[in-house]
Amino acid sequence: MTTEAVASSAPPGGDHHHDSGHHGPEFLAHHFDTPVQQFDAAKLGMWLFLAQEVLFFSGLFVAYAVFRNWYPAAFSVGSHLLDWRMGALNTVVLLLSSFTAAMAVRSSQQGNQKQTSTYLIITIVCAFAFMVVKYFEYSHKIHVGILPGSLWNPTAEGLEEVKAAAATSYVGEGLPYHIRTFFGIYFVMTGLHGIHVLVGIGVFIWILKRNMRGEFTREHFTAVDISALYWHLVDLIWIYLFPLLYLID
Amino acid sequence: MAGEHTDLNYLNHERGIKSWLLTLDHKRIGIMYLVSVMIAFALGGVMALLVRTELAFKGETMMEADTYNQVFTLHGAIMVFLFIIPSVPAALGNFFLPIMLGAKDVAFPKLNLASYYIYVLGTIFTIVAILVGHVDTGWTFYTPYSARADSSVVWMTMGVFILGFSSILTGVNFVATVHKMRAPGLVWTRLPLFIWGIYATAVIQVLATPVLAITLFLLAMEKVLTIGIFDPQLGGDPVLFQHFFWFYSHPAVYIMILPGMAVVNELIATFSQRKIFGYMFVAMSSVALALLGFLVWGHHMFTSGMSEYATMVFSALTFLVAIPSGVKVFNWVATLYQGSISLASPMLYALGFIALFTIGGLTGLFLGTLSVDIHLHDTYFVVAHFHYVMVGGTVFGFLGGIHYWWPKMTGRMYNETTARWAFALVFTGFNVTFFSQFVMGSQGMPRRYYDYLDQFQPLHMTSSGGAYILGVGFLVMTVMFIQSLRSGAQAPANPWASAGYEWQTTSPPHPHNFAVDPEMTRGPYDYHLCTDEELFDGLRAPEEPAAEHAA
């Protein structure tokens, strides 16, 4: 290293604000040299975070694979107990929100503050719609006692539903014991995904507020960009959850 | 620069408790981590002494079996999750990674501070679990027992879940920092090997910790909602828990050992005054260990009921770990060859590391061998093996690092004679404690047992005696460091005459690490390219006193 420079030009006494050669824009943090470096670091950080998200969910997918392999009949009946129309609706809603999130990034890159806000609002509304649909699905399951593990306690209505589902599945008659395991996995997977959607709503409300304050410009849209990245992952996980839980035979 | 003292440093440029608690300076966050992990270490150490005291004599010595189960659980959980995982990366790594990169800070300073408070929050959860509850599952939380035991297990697992987040955020921060914040001229092939080690560790932290998080989350769900994934009564699979758990916890072993190795690289180079032999091989062996670490989790479960074919594959993969480990050991020894070796206290820890890690590593091969493992599984042999790697390896590396960087972090020197005595006590105590456990294990003494047969009495007694010597060693070391803080001599910028980048700034460092943004024109071990001034240790007169006047 060139210590000569360090040695000879070390400021005598205290130069508190030591920002030598650092005349960047206001949003540039003191420890970065250029806005590009700051943007790249943030983006890499988010990708790393997404990698850990994928591994976080991977445990659930492994559990799903193991138990579907062990209890195929239970999974078939369990899947038929879920309303694929609700799942499909939510898929469409999330895909739309992912599209508007991407459009929000694009418009903030173009410096179009108003349009960014509009897209962000649509994204938030879609995320809420997703949670509302999820709420109806959950509350019905809880109402009829179709619950995980030892909480499994179907009411008469619930039992009718289970029988109907078994009849439409390849199982036909008889109720596989481990439907409760399927619902254990269903509730944990969709529950954790739901928590991620809620976090996403919080993040986008925060981004929307910052956007309305005019914090984002053509040069500085990092937060919008990486929030959208997160949202695409939440969307992507659902793309896998939907067929694996709702559409198996 | 070397001899002179500019008054401004990271310790005095801001004052007051708030300037510490809300700091975004990686150096201060590193110090806060250091203090926290040392407290955890002391706590876990007391637990260890309690365990060894109980085991010194046959039958009940000072606590009931039930209490004993809790105490060894706490020893394990505290040492693994609160101490050893954050020890080198979060404390020393936080302090030195940006400095060694010539950066002003880590890429995400706020995230860094957040990770510290998340660590504190996780610690609180863990302590609450200790105080209110009855956690006696061992640090591994194996199902089905953990899913049916006292509900404080949920608190404990939530604590570890939160600590995992802290670890992940630190990892994300470090990877991004190494990729994006290197000073001009600091190409990958010039990266200090400490950075390579911490980088490999950070990658594992990011990729493995979330699997532990989901495992513990599922365990908590198993208890709260009884989802039936791990509990065989509900159709679940307890071995699946072990697969999940070790998919994290084996890579976690490398989260623990790689930073220890990373420190040793720096120590060996500095105290041999020589370029590390086979730099690229040592760097790549860290990456190789990080990758191989993901492929060997099954060797914890040879007797748990896996398919025979799986055990054979896992056994073979386990042996592969010996290759990068061997590369490191051989390269360190080759670096010593014809080096100008100084046996200063940090170097003693580095040499201790090589010896003890070699024993720990080679005994790992015994355990990776299927037929031998049937005999040794869950015996004291395993306990001795991982203590040789974790304590003889990581803790020795950590202690060596603290001694080595103490002058840089605090601006004070410590008493070298006392430091060597402390080393002698720690090294002796450690070997007495754990070598006797190798012998007991090979004779069939099972781990975690409260009581034992007559034949093990002398060895148990020896092991407990060693634990006390170890304890005294740590006590001496603590007194020495406290004394250094109170009345130690002012440290020069580069007391060890190291070529490392971090020694080219003042001790303690400038708030922005370097008074002038550095540019790297040589590698961190290029002693032959260093000027005399760069290697000036502040003690002997520099060859060109004129340089000082110029400054």
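Conventions used here
- Residues numbered from 1 in each chain as written.
- Chains lettered and ligands numbered in written order.
- Predicted model: local features only at pLDDT ≥ 70, side-chain atom pairs only at ≥ 80, totals over all residues.
- Heavy atoms only, no water.
- Helix = DSSP H or I, 4+ residues; strand = E, 2+ residues; numbered from the N terminus.
- Rg over C-alpha atoms; globule rule 2.2 N^0.38 Å.
- Areas by Shrake-Rupley, 256 points an atom, 1.4 Å probe, with all protein chains shown as cover.
- Lys, Arg positive; Asp, Glu negative; His and termini not counted.
- Charge placed at Lys NZ, Arg CZ, Asp CG, Glu CD.
- Contact = heavy atoms within 4.5 Å.
- Salt bridge = Lys/Arg side-chain N within 4 Å of Asp/Glu carboxyl O.
- Polar contact = N/O pair within 3.5 Å; in protein donor to acceptor, adjacent residues only side chain to side chain.
- pLDDT = per-residue confidence, 0-100.
- Phe/Tyr/Trp six-rings, centres within 6.5 Å; stacked < 30°, edge-to-face > 60°.
- Buried < 20%, exposed > 50% of the residue type's maximum accessible area, 1.4 Å probe, protein only.
- Lys NZ or Arg CZ within 6 Å of the ring centre and 35° of its normal.
- Axes fitted to C-alpha atoms, helices over the stretch in contact; angles between N-to-C directions.
- Parallel < 35°, antiparallel > 145°, perpendicular 65-115°, else oblique.
- Left-handed = near helix turned anticlockwise from the far one by under 90°.
- Nonpolar A, V, L, I, M, F, W, Y, C, P; charged D, E, K, R; others polar.
- Expected span 1.5 Å × (residues − 1).
- Bend = angle between axes of the 7 residues up to and from the residue.

## Focus: the overall build of chain A
Consideration 1: The helix and strand inventory of chain A stands at eight helices and zero strands.
Consideration 2: A compact globule built from 249 residues should have a C-alpha radius of gyration of about 18 Å, whereas chain A, at 25 Å, is more than 25% larger.
Consideration 3: Carbon and sulfur atoms provide 66% of the accessible area of chain A, an area that totals close to 11,400 Å².
Consideration 4: Across chain A, the mean location of the 13 positive side-chain charges is 9 Å away from that of the 18 negative side-chain charges.

## Examining the interface of chain B and chain A
Where interface size is quoted, it is often the accessible area lost as the parts come together.
Consideration 1: Contacts between chain B and chain A engage 56 residues on the former and 53 residues on the latter.
Consideration 2: Linking chain B to chain A there are zero salt bridges.
Consideration 3: Where chain B touches chain A, the interface holds five residue pairs in polar contact (both at pLDDT 80 or more).
Consideration 4: Residue assignment for the side of chain B that touches chain A shows that the elements contributing at least two residues are helix H6 (152-180), helix H7 (193-224) and helix H8 (238-272) of chain B.
Consideration 5: If you tally residues by element for the side of chain B that touches chain A, the top one is H7 of chain B, at nine residues.

## Focus: the confidence of the model for chain B
All names here are of chain B.
Consideration 1: Model confidence for chain B is summarised by a mean pLDDT of 93, while 97% of its residues fall at 70 or above.
Consideration 2: Contacts of residues 1-5 to residues separated by more than four positions or lying in other chains number 15 contacts, the stretch itself having pLDDT below 50.
Consideration 3: In this model, residues 545-551 is a region of pLDDT below 50 whose contacts with residues beyond four sequence positions or in other chains number five contacts.
Consideration 4: As a predicted assembly, this complex carries a pTM of 0.92 together with an ipTM value of 0.90.

## Side note on the packing of aromatic side chains
Residue and element names in this part refer to chain B.
Consideration 1: Here the structure, examined in full by the defined rule, presents 72 aromatic pairs over all chains.
Consideration 2: With a centroid separation of 5.6 Å and 20° between ring planes, the pair formed by Phe353 and Phe357 is classed as stacked. Of this pair, Phe353 and Phe357 both sit in helix H12 (residues 345-368), four residues apart, which is roughly one turn of the helix.
Consideration 3: Residue Phe353 is classed as buried on the basis of its relative accessible area, which comes to 0%.
Consideration 4: By relative accessible area, Phe357 is classed as buried at 7%.
Consideration 5: Feature note: the residues Tyr349, Phe366, Phe381, Tyr388, Phe396, Phe423, Phe427, Phe430, Phe434, Phe435 and Phe438 constitute an aromatic cluster, connected by ring pairs.
Consideration 6: Taking the ring centre of Trp20 as reference, the NZ or CZ of Arg28 above it sits at 4.4 Å.

## Some words on the pattern of salt bridges
Side-chain pairing between opposite charges can occur once the charged atoms of the two side chains come close.
Consideration 1: Per the counting criterion, the structure on display carries 12 salt bridges over all chains.
Consideration 2: With a closest N to O distance of 3.6 Å, Asp378 of chain B and Arg447 of chain B form a salt bridge. Of the two residues, Asp378 of chain B sits in the loop between helix H13 (370-376) and helix H14 (380-410) while Arg447 of chain B sits in the loop between helix H15 (416-442) and helix H16 (457-487), which places them 69 residues apart along the sequence.
Consideration 3: For Asp378 of chain B, a relative accessible area of 39% translates into the label partly exposed.
Consideration 4: In the salt-bridge network here, residues are joined through shared partners; they are Arg210, Arg213 and Glu215 of chain A.

## Considerations on the packing of helix H5 (residues 113-143) of chain A against helix H8 (residues 222-246) of chain A
Residues and elements named next belong to chain A.
Consideration 1: Following both chains from N to C, one finds H5 and H8 inclined at 30°, their axes separated by 14 Å at the closest point. One way to sum up the angle between H5 and H8 is to call them roughly parallel. Crossing handedness for the pair H5 and H8: left-handed. Across the interface between the two elements, Thr123, Ala127, Phe130, Lys134 and Glu137 of H5 pack against Trp231, Trp238 and Tyr246 of H8.
Consideration 2: Along the lines of polarity and charge, the residues of the contact of H5 with H8 split into five nonpolar, one polar and two charged.

## A look at H8 of chain B
Residue and element names in this part refer to chain B.
Consideration 1: Compared with an ideal rise of 1.5 Å per residue, which puts 35 residues at 51 Å, H8 spans 50 Å between its outermost C-alpha atoms and is within 8% of the ideal.
Consideration 2: The sharpest bend along H8 measures roughly 30° and falls at Trp246.
Consideration 3: Counted residue by residue, H8 has 32 buried out of 35 residues, so it is predominantly covered.
Consideration 4: The N-capping residue of H8, defined by a side-chain oxygen 2.9 Å from the backbone nitrogen of Val239, is Asp237.
Consideration 5: Taken from the residues just after H8, Gln273 is the one with a positive phi, measuring 55°.

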